[in-house]
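Spelled out, the chains give:
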Amino acid sequence: MSMPSPESAEPQTEAPSPPVPEGGHWSLIALVSHDGVEPPANLSESEALGIWCARSVLWHPALLAQTQMLPRIESIDAPTSPGPRELRVVAAGVLDRLPSGYQTQAEDAGAIVVEGGADRLALVRDLLARINAVAPALDTENEGLITAANDFLALGTARWMLRDLTIAMGHADALDTESLEREVLAGALAWCQGDHPAATNRLRAAFELLTQARERFYPVDAYIVDVCLLDPSTPPGSLTDALKARAPVTFLAPALAVEKLAESDPEAIASVREAITEGWADVVGGSYTESEEPLLPMESVLWQFRRGAEVYRRHLDDRNVETLARRRFSLYPELPQLAKRFGFRFAVHLGFDAGRFPIRPEAKRLWEGPDGTSLETLTRPPLGADRSAQGMFIPWRLATSMKDDHVATLPFVHWPNPVAPWYLDLRRVSAFSPVLARWVTLNDYFHLTDRPYETFRPEHDQYVTPYLAQAVARRDERPISRKAVHARLRARLEALNATRALERAVLGTAPDPQTRAEEVSTLDLETSLETGQVDEVHSALERAIPDAASRLAVAIQGETSEARPGFFVFNPLGVARRAAVLLPDAALDLRPEGPLRAAQFTDEGVWAVVDLPAFGYAWVPRDADLAATPTTPGVLSVRGRLLGNESMAVEIDPTSGGIRSIRTPTEEVARLGQQLVVSGLVASDGSPVSTKMREESFEVEYGGPALVQAISRGVIVDPRDDRRLASFTQRYRLWTGRPILELDVTLNDLDPDWLARSAQADPWAHNLACRWAWPDPNSMLRRTCFFSPEVTEADRPETPDALDISTRRQRTALLFGSLAHHRRHGQRMLDTLLIAGRETERNFRLGVVLDLEHPFHASMDFIAPAPVVPTESGPPRTGPTGWLFQLDNKAVAATRLEPLENTGDNHGWGVVFHLFETAGRPARCRLRLFRNPVWARQTDFHHELVVDLPIEEDSILIDLTPHEMARIEVTLG
């Protein structure tokens, strides 16, 4: 965009002489700091408030009536010489910066010097009293006069901001001062005479003159976007002022805030709906609650969007929110794709509480997700409209945008109240004319401005969440383990969904009304889980999963010719797995047979390792068949402190009790080691102190044939005085044929002094952690982000799932069991935080898996249940194993399988799959079903059709772009 050439003005080397007032009228002058220059970043609130008051108070009509010229502004550091009948207002807090003897000189010259304050009306009364002037209208109760007086003050604010904007743009002042003076003084006289309509008309003309002056150096539209934050705790009546002002405003509110506002203040939500209809208000948001989305399971994130959309439509006259925005930090690369799938068209790439995210120099960009989806996005950080100091930067920020941006943009952000006084002035200005810029809602801003063609595609490492520090600051008793508990319950809930979908698919009919009435609603459970009712969900799932699995067992078993007692074991995951399950009342001498790879009696009962197909089942006997040919058992070994199975060898260190080495059975060099450490101890010279892990006992509890299990016990001590900081128990488990080392850590007897300090300290510096170490500093680290492995060099590579340590020939994945907070130490160590702040959990589960191409398989297997159902007969006619649905692409994650009563446009009952391509490559998947599908389609998450899918006999062909999320509806009957 071409701009008019600036008119240059020669700088004056000497201070100008003050104009001489005519007759008996006063001259009004404000003396302020930072006049005509951008203020420093550390400008205090009190100084900024004093400057605002001094600059605008002289524009009160009661004072303007005492003069024949407009007020002017001078620098406190270089004021002109005082003259007779001058009223000089010094900004509060800077009176001592006047030149020496200036006040005496002013008194001798007949001028009055007054230090201002923050209350403009009180200052007006004081100034009128000092010049012995009377203004009867000042004490009026006439709303029209009161409003007009405030509009005059807003005019003063607009005038000095326009003056600074002109300076910042490098232009000479092109304001028609003579006309402005005529309109303003005539308006002030009309106000003093009680004629507020005439005063308002004069004001309107004055504001238009200011706008014309701005248009001489920036003749196109600039935009101010006013964002008002709401949250669920917003009290009733908070929106009264914003709605009364009728200035364009955008309410940024999660759906829960809208829901709560509708309950507590129905009149306000009705007014918001009316304002949206009239076009001067808008609601932006996205999810139901502002949760910690980057660290949540994918299905929890989808629920947040799904429930949010329902609530917005319910309370906003069936409108969809078009702009994705959050107050709390919740930014991550996959967000554009998720938002697009739920119908969002625009986004705000900002967080208003904490966290770190990339800031773009331009105001708008296309935010592109890993799959290529893009959203038109506002990237300009806003000014806080609740801070007086921020108002001082408005002209300078706006000038920068006018010079550099295709569309000049200045956002404001604030809570409903309190707000800064300059904001109230500018809101009044917006009702008259776009002096500095045009006020618009966020949606109008996107519609009125051109879509940018430049994109930006941030990586995961460019985002750093503030969640752990925030949880510790709010005294959360489970700042680390809360997400792990939630993720495990979410995995069980998805297992329930899948089990019911499998049952429905096998039966081919809807459940009878009595069964349906007795079922716990998964929708209700999901809502309870995502709103924090963890205990209730846990209790409900303890009952619901066995019930659903029992019904599925009955459906699969049908009529069988064999009356052999046994167990059905179900796999609710879309990946094949070798699961370790507890078989109640099974024979102690149970032998390998069919899918039963091995069994072993322990103190808990009989454990079995069972091969399970994806979305399938296995049937295993309860009693041993001594005549059957046994399956060749796996290889488990225990030699001293070396535990092994087919996939790995684990050596326990005799000094620390931690892991000395993890490697494959054929390797000689260790890949990984592990210890427990306490961070935050400091020596007298300020250097950090490294704690020691000391073993006190070691015991091998089981040595095969299904399980190798060993336990080490010991203490963590402060090496300075050998003081015990904590005691630990680490249990190591290896199962035959299962490629995962299970590490269960139990902590006890934590030092009270350390706990007390930890409760108040930075959790990243003061914590108890599991430290992993590897030998190669050049290893590449990849953290799993929504199932996709992403290369990371971050100091805090947060992920709840897995982190892959890769060399040219090796891949070692750490499984975290949804413990999401990790911190690197140099190039060879990583700490997984276990205890920080007021954390009360003392039992933690971690894992290690070697040379797995897709670590998300192991991370899903690590926390998902495999329901077991006893049966009195079996195996079923279909055989001891079977699958019901099958994906042929291992890089595609199936995050959900659920039954659907009505697919598409009344096509019939069926099932829904949620699929996610994780390898970053285009993928053609073949989704096979145990019965031929009738119809299939891909939809977005609003259930709108994306494409009908081709069917080949028992298979559906699905094409996915890299990192694509897809919702697949399949009609089965």
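Residues numbered from 1 in each chain as written. Predicted model: local features only at pLDDT ≥ 70, side-chain atom pairs only at ≥ 80, totals over all residues. Heavy atoms only, no water.

Visitor: What exactly am I supposed to notice about the pairing of strand E35 (residues 822–825) here?
Guide: Every regular strand shows the same layout, with side chains that alternate between the two sheet faces. Burial along E35 is one-sided: His822 and Arg824 are buried, while Arg823 and His825, pointing the other way, are not. The pairing of E35 with strand E36 (residues 829–835) spans four bridges and is classified as antiparallel. Pairing of His825 across the sheet is with Met829, part of E36. In this structure, the hairpin formed by E35 and E36 is closed by a connection of three residues, where Gly826 is found at a positive phi of approximately 65°. (Buried < 20%, exposed > 50% of the residue type's maximum accessible area, 1.4 Å probe, protein only. Helix = DSSP H or I, 4+ residues; strand = E, 2+ residues; numbered from the N terminus. Pairing = 2+ DSSP bridges.)

Visitor: I keep staring at unusual backbone geometry and nothing clicks. Help me out?
Guide: Across the chain, the bulk of peptide bonds are trans and the bulk of non-glycine residues have phi less than zero. Cis geometry is found at the peptide bond from Gly704 to Pro705, where omega equals 10°. Position of Pro705 relative to the elements: it lies in the loop between strand E26 (692–703) and strand E27 (707–718). Phi at Asp749 takes a positive value of approximately 55°, unusual for a residue other than glycine. Here Asp749 lies in the loop between strand E29 (740–748) and helix H22 (752–760). Phi at His963 is positive, roughly 65°, even though this residue is not glycine. Residue placement: His963 occurs in the loop between strand E47 (955–960) and strand E48 (965–971).

Visitor: Please explain the sheet that holds E29 as it appears in this structure.
Guide: The strands making up a sheet associate through hydrogen bonds between their backbones, and the pairing can be parallel or antiparallel. The antiparallel open sheet is built from nine strands, whose spatial order is E26-E27-E28-E29-E37-E34-E33-E31-E32. Each end of this open sheet is capped by a strand with a single partner; those strands are E26 and strand E32 (788–791). Adjacent strand axes in the sheet meet at a mean angle of 20° when their direction is disregarded. Across four bridges, the pairing between strand E31 (residues 780–785) and strand E33 (residues 802–806) is antiparallel. Residue pairing across strands places Leu781 opposite Ile805, the latter belonging to E33. Packing of helix H23 (residues 855–863) onto the sheet brings it into contact with E29, E31, E33, strand E34 (811–815) and strand E37 (843–850), and relative to E34 it is tilted by some 30°. (Axes fitted to C-alpha atoms, helices over the stretch in contact; angles between N-to-C directions. Contact = heavy atoms within 4.5 Å.)

Visitor: In this structure, what is going on with the pairing of strand E23 (residues 649–652)? I would like to understand it.
Guide: Relative to E23, strand E22 (residues 642–644) runs antiparallel, the two sharing three bridges. Across the sheet, the residue bridging to Gly644 is Ala649, located in E23. Count of turn residues in the E22/E23 antiparallel hairpin: four residues. Taken together, the four bridges between E23 and strand E24 (residues 659–663) define a ladder with antiparallel strand orientation. Each bridged residue has a counterpart across the sheet, and for Ile652 the counterpart in E24 is Ile659. As consecutive antiparallel partners, E23 and E24 are separated by six residues, and within that stretch Gly657 has a phi angle of approximately 85°, a positive value.

Visitor: Could you clarify how one ought to interpret the packing of helix H11 (residues 298–315) against helix H20 (residues 522–530) in this entry?
Guide: Axis angle and axis distance: for two packed helices, these are the angle between their axes and the distance between the axes, and together they describe the pair. Two elements in contact, H11 and H20, have axes whose closest approach is 11 Å; the angle formed by their N-to-C orientations is 100°. On the basis of the axis angle, H11 is roughly perpendicular to H20. Across the interface between the two elements, Glu299, Ser300, Trp303, Gln304, Arg306 and Arg307 from H11 touch Glu526, Thr527 and Glu530 from H20. Taken together, the residues of the contact of H11 with H20 break down into one nonpolar, three polar and five charged. (Parallel < 35°, antiparallel > 145°, perpendicular 65-115°, else oblique. Nonpolar A, V, L, I, M, F, W, Y, C, P; charged D, E, K, R; others polar.)

Visitor: Any chance you could explain the pattern of salt bridges here in plain terms?
Guide: It is possible for side chains of opposite charge to pair when their charged atoms get near one another. Applying the stated criterion to the full structure yields 80 salt bridges. Between Glu503 and Arg551 there is a salt bridge, and its shortest N-O distance comes to 3.6 Å. Taken as a pair, Glu503 in helix H18 (residues 481–507) and Arg551 in helix H21 (residues 534–557) lie far apart in primary sequence, 48 residues in all. Given a relative accessible area of 5%, Glu503 falls into the buried group. Between Glu696 and Arg724 there is a salt bridge, with the nearest N and O atoms lying 3.7 Å from each other. Here Glu696 is found in strand E26, whereas its partner Arg724 is found in strand E28 (residues 723–735), with 28 residues between them in sequence. The exposure class of Glu696 is exposed, given its relative accessible area of 53%. Given the relative accessible area of 39%, Arg724 is considered partly exposed. Several salt bridges converge on common partners, so that one network encompasses Glu299, Arg306, Arg490, Glu494, Glu526, Glu530, Arg896 and Glu898. (Salt bridge = Lys/Arg side-chain N within 4 Å of Asp/Glu carboxyl O.)

Visitor: Please explain the state of the cysteines as it appears in this structure.
Guide: One way to say it: the disulfide is the covalent bond shared by the sulfur atoms of two cysteines. Inspection of the entire model under this criterion finds zero disulfides. Free cysteine: Cys785, not disulfide-bonded; nearest cysteine sulfur from Cys770 at 20 Å. Using a relative accessible area of 7% as the deciding quantity, one classes Cys785 as buried. (Disulfide = S-S within 2.5 Å.)

Visitor: Just checking my understanding: could you explain helix H10 (residues 266–278) for this structure?
Guide: Counting along an α-helix, one turn takes 3.6 residues, and residues three or four places apart therefore face a common direction. Its 13 residues give H10 an end-to-end C-alpha distance of 18 Å, which sits within 8% of 18 Å, the value for a rise of 1.5 Å per residue. Among all positions of H10, only Ala268, Ile269, Val272, Ala275 and Ile276 are buried. End-on view of H10: buried residues confined to an arc of 115°, all on one side of the axis. Every exposed residue of H10 that faces more than 90 degrees away from the buried side is listed here: Glu267 and Thr277. As for H10, its buried residues are in contact with helix H8 (240–245), strand E6 (249–252), helix H9 (255–264), strand E7 (281–284) and H11. Positive phi appears at Gly279, one or two residues downstream of H10, with a value of about 95°. (Expected span 1.5 Å × (residues − 1). Arc of directions from axis to C-beta.)

Visitor: When you look at the environment of Val650 in this model, what are you seeing that I'm missing?
Guide: Following the sequence through the fold, Val650 ends up in strand E23. Look at Val650 and you get buried, because its relative accessible area is 0%. Sequence spacing of Val650 and Asn201 is 449 residues, and the spatial spacing of their C-alpha atoms is 86 Å. Apart from the residues within four sequence positions on either side, Val650 is in contact with Arg641, Leu642, Leu643, Ile659, Ser661, Ile662, Leu734 and Leu741.

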